[in-house]
Amino acid sequence: MFQFMTSTRIVFGEGALHDSLSLLNQFGYSVLLVTGQDQQRSLQLEHYFKQQNMRYQRLVIKGEPLIAMMEELAAMGRTFCPDMVIGIGGGSVLDVAKSLAALIPNQGSVYDYVDVVGRNVPLQVKSLPFIAIPTTAGTGAEVSKSAVLQSAQEQVKVNLSNVELFPDLAIIDPTLTYGMDAVLSGYCGLDAFTHLMEAYVCGEPNPLTDMICEEGLKRIAMSILPACKDDHYPSRSNMAFAAMLGGMARSNAKLGAAHGLASALSGRLNAPHGLITARLSPYVMTENISVAMELGRSDVLARYRKLAVILTLNNEAKIEDSVQWVDSMLIKLQLPSLSDYGLCNTMFEEVAEDALRTCAIKGNPLPLNQQRLITILRQVCHNDCHA
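Residues numbered from 1 in each chain as written. Predicted model: local features only at pLDDT ≥ 70, side-chain atom pairs only at ≥ 80, totals over all residues. Heavy atoms only, no water.

As recorded by an unreviewed UniProt entry, the protein carries the name Iron-containing alcohol dehydrogenase and is attributed to Photobacterium piscicola. According to its UniProt record, the protein has this under Sequence similarities (unreviewed entry): "Belongs to the iron-containing alcohol dehydrogenase family." (UniProt positions renumbered as here; feature names shortened; annotations may be inferred.)

Another point: the overall build of the protein. Summing up its helical and strand segments, the protein has 13 helices and eight strands in all. Compactness check: the protein gives a C-alpha radius of gyration of 20 Å against a globular reference of 21 Å for 387 residues, within 12% of the reference. Overall, the protein is about 65 × 45 × 45 Å in size when its C-alpha atoms are taken along their principal axes. Within the protein, contacts between residues separated by at least 24 positions form 77% of all contacts whose residues are at least 6 apart in sequence. For the protein, the computed accessible surface area is about 15500 Å², with 50% contributed by carbon and sulfur atoms. In the protein, which carries 30 positive and 38 negative side-chain charges, the distance between the mean positions of the two groups comes to 2 Å. (Helix = DSSP H or I, 4+ residues; strand = E, 2+ residues; numbered from the N terminus. Rg over C-alpha atoms; globule rule 2.2 N^0.38 Å. Contact = heavy atoms within 4.5 Å. Areas by Shrake-Rupley, 256 points an atom, 1.4 Å probe, with all protein chains shown as cover. Lys, Arg positive; Asp, Glu negative; His and termini not counted. Charge placed at Lys NZ, Arg CZ, Asp CG, Glu CD.)

Per the UniProt record, the feature "domain: Fe-containing alcohol dehydrogenase-like C-terminal" (unreviewed entry) sits at residues 188–379. Between the C-alpha atoms that bound residues 188–379 there is a distance of 23 Å. The span itself is 71% helix and 0% strand.

To continue, consider empty space enclosed by the protein. If you roll a probe as big as a water molecule over the atoms, it shows you where there is empty space left. According to the stated counting rule, one finds two cavities of 30 Å³ or more in the structure shown. The calculated volume of the largest cavity comes to roughly 70 Å³. Along the walls of the largest cavity sit A137, T177, M180, S185, C188, G189, A227, C228, R236 and M239, which together make up its complete lining. For the lining of the largest cavity, the elements supplying multiple residues, two or more each, are α5 (182–201), α6 (207–230) and α7 (233–252). Tallied by class, the residues present in the lining of the largest cavity amount to six nonpolar, three polar and one charged. Quantified by volume, the second largest cavity comes out at close to 30 Å³. In this structure, the second largest cavity is lined by G89, G90, G91, L94, P134, T136, A137, G138, T139, G140, E142 and A243. (1 Å grid on protein atoms, 1.4 Å probe; cavity = no way out; pocket = protein on both sides within 12 Å on 5 of 7 lines; lining within 4 Å. Points joined across faces, edges and corners; volume = space filled by probe spheres on them. Nonpolar A, V, L, I, M, F, W, Y, C, P; charged D, E, K, R; others polar.)

Below, the discussion takes up the nonpolar core. The nonpolar side chains of a soluble globular protein tend to be buried, and buried together. Ranked by internal contacts, the top residues of the largest apolar core, which has 80 residues, are L190, F193 and L280. Excluding residues within four positions of it along the chain, L280 makes contact with A258, L261, A262, L265, I376, L377 and V380. Membership of the second largest hydrophobic core comes to 32 residues, among which are I61, V85, I104 and A132. (Core = buried A, V, L, I, M, F, W, Y, C linked by side-chain atoms within 4.5 Å. Buried < 20%, exposed > 50% of the residue type's maximum accessible area, 1.4 Å probe, protein only.)

As a further point, take the packing of helix α10 (residues 298–312) against helix α11 (residues 321–332). Taken N-terminus to C-terminus, the directions of α10 and α11 make an angle of 45 degrees; their axes are 7 Å apart at the nearest point. Relative to α11, the element α10 lies oblique. Along the contact surface, α10 presents Y304, L307, A308, L311 and T312, while α11 presents D321, S322 and W325. For the contact of α10 with α11, a count of residues per class yields five nonpolar, two polar and one charged. (Axes fitted to C-alpha atoms, helices over the stretch in contact; angles between N-to-C directions. Parallel < 35°, antiparallel > 145°, perpendicular 65-115°, else oblique.)

The next thing to look at is the sheet that holds strand β5 (residues 130–134). In space, the six strands of this open sheet follow the order β1-β8-β5-β4-β2-β3, with parallel pairing throughout. One side of each edge strand has no neighbouring strand; the edge strands of this open sheet are β1 (10–12) and β3 (55–60). Pairwise comparison of adjacent strand axes, ignoring direction, gives a mean angle of 15 degrees for this sheet. Inspection of the sheet shows strand β2 (residues 30–35) paired to β3 by six bridges, in the parallel sense. Considered in β3, the bridge of V34 is made with L59. Sheet strands in contact with helix α3 (residues 67–80) are β2 and β3, and its direction is about 170 degrees off that of β3. Its contacts with the sheet place helix α4 (residues 91–103) against β2, β3, β4 (84–89) and β5, and it is angled at close to 170 degrees to β4. (Pairing = 2+ DSSP bridges.)

So, about the pattern of salt bridges. Counted according to the given criterion, the structure contains 13 salt bridges. A salt bridge links R303 to D210; the shortest N-O distance between them is 2.7 Å. Taken as a pair, R303 in helix α10 and D210 in helix α6 lie far apart in primary sequence, 93 residues in all. E350 is paired through a salt bridge with R268; the nearest N and O atoms lie 3.7 Å apart. On the criterion of sequence distance, the pair formed by E350 in helix α12 (residues 348–355) and R268 in the loop between α8 (257–266) and α9 (273–295) is long-range, its members being 82 residues apart. Salt bridges sharing common partners tie together R268, E350, D354 and R357. (Salt bridge = Lys/Arg side-chain N within 4 Å of Asp/Glu carboxyl O.)

Here it is, written out as structure tokens:
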């Protein structure tokens, strides 16, 4: 038995934003608009609000969403009393907007509702209608039930997760990703890859998420380089579709050690979440393959071999070829190393300990203890220093 949930309505395709504007009216006429610093992306929306005499307030998000910041924004939102929340931007923007849609109608502290450092209690009141419009192709937040927030005090990333957080409407217009910076595109693309890869090899897959992951991984294998390096429009569309599939997969299967470690590291390194998961992925994959071989877990090894076949488009691919594919993408996309952001061995023990408390790591295909996680971190650091 399995369940499958995603956003209530999805509109996908070039020009989807323009063609979907009238759908916003069903949610009311008062809008809390959450955007990134690039105001150009939201001009269509703001023009439509004025045309329809809709009341709106714009919040500009810079950097990672901190829990303390969310407390202030939620209080501000309650004063404004919106009918709906619209987020247009990258993963952090959508996470802030999604969180506000949940927090504004609910009383109490953000710590009441988050995992790892909080009480993780269910929301008491239904979220406000939430419309998600991604301008990057990575997190899949437009179709997921969780938002990633940062606790500055505990130096760890945490999740606000509830079925109420699924967007009521996801508008995925690949044209909004055209012209993205190549490096930003690269770590967003590999973030989508990590969602699909970990959901595919996780301890609790299901037939529907398997189909989703295989399709998403095929599109990434074909499109990540031309999308990121050449701004090839059909490839951009494939990456937006794959990111959406990654969001569906991570909401309905499980993730793994790459995301568990990334949650713990993200609070300590001023590095993008997608870059951290990308840099961790090949070492987590190697460790999982090694443990599976030690334990004779042919089922896990079969998953990694199928992953290698999908990524390399070669039916004769070996298990290790999946790791080599990720390594080659990191080189070809010229992504920075984690040592550039301050990764050092003095933090490894605490990072591994924090990672073991995350929800993500519970989905790893095989249990990894603290020492194995430290081994992964050492390998990342060692290879960064000798790259």
